[in-house]
Amino acid sequence: MKQDHDLADQDTREAVTSLAKRRGYLWPSFELYGGMRGFYDYGPMGTALKRNIQGLWLRLWVGEEGMIELDSALVNPRPVFEASGHLAEFEDFLVQCADCNANFRADQLLEGLHPNPDALSEEELAGQLEEHGVTCPECGGPISSPTSFNLMFGTRAGPGEGREAYLRPETAQGIFVNFSHLYRLGRERLPFGVAQLGRGFRNEISPRQGIIRLREFNMAEVEAFFHPQKRQWAGDLRKYADTQLTLVPNEGDEIRVTLGEALEKGIMCNEALAYFVGVTTRFLIGVGVDPERLRYRQHLQTEMAHYASDCWDGEAKLSYGWTELVGIADRGDFDLRRHHEHSGQDLRVFVPFPEPVEMEVERLTPVHKELGPRFRGDAKAVAEALMEADASAVGADGMATIPIPEADGKTRLVQVPPECFKLETVVEKRTGEKVLPHVVEPSFGIDRILWTVLEHSFTQRKGEEGEAMTVLKLPPVVAPVTVGVFPLVSKDGLDAIAEEVDGKLRGVGLRTLYDASGSIGRRYARADEAGVPFCITVDHETKEDESVTVRWRDTQDQERLPISHIVTSVKQLAGLD
RNA sequence: GCGGCCAUGGUCCAGGGGUUAGGACAGGAGCUUCCCAAGCUUCUAGCCCGGGUUCGAUUCCCGGUGGCCGCACCA
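The structure displayed is predicted, hence computed values, not measured ones.

A. Region of interest: the nonpolar core. Judged by nonpolar contacts, the single largest core of 74 residues is most densely connected at Y25, I53, F276 and F283. Take this core: its biggest share by element is ten residues, from helix 10 (residues 271-287). When residues of this core are assigned to domains, at least three fall in each of domain 1 (9-84 + 164-334 + 440-448) and domain 4 (481-574). Beyond its immediate sequence surroundings of up to four residues, F276 is in contact with W61, M67, A224, F226, W233, I328, V440 and P442.

B. The pairing of strand 10 (residues 192-201), seen in detail. Among the ten residues that make up strand 10, nine are buried, leaving the element largely enclosed by the rest of the structure. Alignment of strand 3 (residues 68-70) against strand 10, held across three bridges, turns out to be parallel. Residue pairing for strand 10: L70 is matched across the bridge by Q196. Sheet analysis places strand 10 next to strand 11 (residues 216-226), joined by ten bridges and oriented antiparallel. In the sheet register, F192 faces strand 11, and the bridge partner there is F225.

C. Just helix 14 (residues 446-457), in detail. Counted at 1.5 Å a residue, the expected span for helix 14 with its twelve residues is 16 Å, and the 16 Å between its end C-alpha atoms agrees. Where burial is concerned, most of helix 14 is hidden: eleven out of the twelve residues are buried. When helix 14 is considered as a whole, its buried residues turn out to be I446, D447, I449, L450, W451, T452, V453, L454, E455, H456 and S457.

D. Molecular detail of the sheet that holds strand 8 (residues 154-157). Across the sheet, which stays open at both edges, the three strands sit in the order 4-9-8 with antiparallel pairing between neighbours. Both outer strands of the open sheet, strand 4 (75-77) and strand 8, are each paired with one neighbouring strand and no more. The sheet shows a mean angle of 45 degrees between the axes of neighbouring strands, taken without regard to direction. Relative to strand 9 (residues 163-167), strand 4 is paired through three bridges, and the arrangement is antiparallel. Directly across from N76, in strand 9, lies its bridge partner Y166.

What counts and how
- Residues numbered from 1 in each chain as written.
- Chains lettered and ligands numbered in written order.
- Predicted model: local features only at pLDDT ≥ 70, side-chain atom pairs only at ≥ 80, totals over all residues.
- Heavy atoms only, no water.
- Core = buried A, V, L, I, M, F, W, Y, C linked by side-chain atoms within 4.5 Å.
- Buried < 20%, exposed > 50% of the residue type's maximum accessible area, 1.4 Å probe, protein only.
- Helix = DSSP H or I, 4+ residues; strand = E, 2+ residues; numbered from the N terminus.
- Domains from an automatic or database assignment.
- Contact = heavy atoms within 4.5 Å.
- Pairing = 2+ DSSP bridges.
- Expected span 1.5 Å × (residues − 1).
- Axes fitted to C-alpha atoms, helices over the stretch in contact; angles between N-to-C directions.

Take a look at the structure:
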């Protein structure tokens, strides 16, 4: 995506970057040792902000939508990613021009010269490049032999050579490999959803743009499982029908519609996906993303991940340009099917029919005494496959052609002669069917969302001298500090009263900022920059009527409230009760 | 990975082959006791790392690391 950078964007970015570092939101990791690209640490404020963002996420998906939560392993053995497709999809080969130093993907240079260059190995690529005499498309210079890189961090588990393993590039696979447990705990019903917060790792070639592209990042993923013919979430779609959206469909121009209209007009065809766009919008706006700088863009067919059939990205306008925060993808049964095949475990679920149905079916019944001598070790597998098959497997010559599973997850076709089975017509009562559930996945980049919240909350107002004063307008639910507590002056016992008020608020778990230093205006300004939504000031009047001043960050308005109800008042004002 | 520009306290900047490396803001202590960054005193804190040139390098050169921009990559 091409991005426009004007001066104002760069100014914003620099101001927010500086504030984030100064105020303890984000620090480049390992600065002591010169830093490392793609890694950031969250300081005290950043940690709290991140936790609050995650808290609202959990409140919506696990709380309101009733999904179950998982926390799965970060280090995964190789077979997980053989099944998921990441091992193949994440491996690419680069070549470099010896003259102009330009880089190209080896497979892209073979486009049109080979039917399927993406599937070639390193040696095959080298051979093909040489055979076709491929040169640099930029300058025609000679190109290097291909060098591989894999976007996954590899490691080994156990002593010595151990077992080949990788740091997960997404949390999703943890949900798929635990599917059987989760389905049982989800009370064996569709639809049901699983939510997971956690870290992911990608060995990006060139991480840049602060925390927009990290090598170690925080994600929040939901896998919602559906009956293949019924992509409809349990929640009531009417709840989000009026949600205003800016949409960029893969055909046509950007439009502004309600979610209900988008469904009616067929701009979004997938009801479950649409519902999740609704929940996602509420989440993003709730944590402080500006609705005017949020849009959903549908992926082009060519842009889609290897597993997806439809995908809408939630994007925010940042100083970096439009940036993906969320991907909501219809993954079909891709993942479960792959794990079903690679693991050899049956991951299908039983879905009862509304009414049991009786039907005549033609069954193949194995004749074991014929199968045994003929197929020997494979006899058991052949017998099982015969029972799974139906009459359509039997050809005109009476031979049955059936697939039997191999150890590597593939299948092999076997010809079975007529004497090995009986073809019978039986009346079967079927109460349901086994299906592989389909998946819709909303996947959130927490770090990017946090950055967006900082940029979109960042405002400046003119001070009395005309100087720019920063106000970080974080929504109270995510603000790291909920309330500031100040004595107007540190004498006449005002400080003692303020400390007491502060203690009361902290005692119920609220995060406060007690500050008695400098002028009151200075303390308000400090709190504004730290994003504290409101401050309480104990003044001389407090000693007479036990009331305090509450001052709002966004409006600078003030109001007097009694100390006796201060805890409930603050919770109410912050929307935390 | 490639090319261009860059690297000085927490932040933003100045400087310069031998300096007590300077300022502003921020922070600590004290005074002031003031409802929107007032003032005063005082303190803390810095030349990214490695090598080279040199009597001497934070300054010049090379390499590394990190940052920004462009190319490539970003499922």
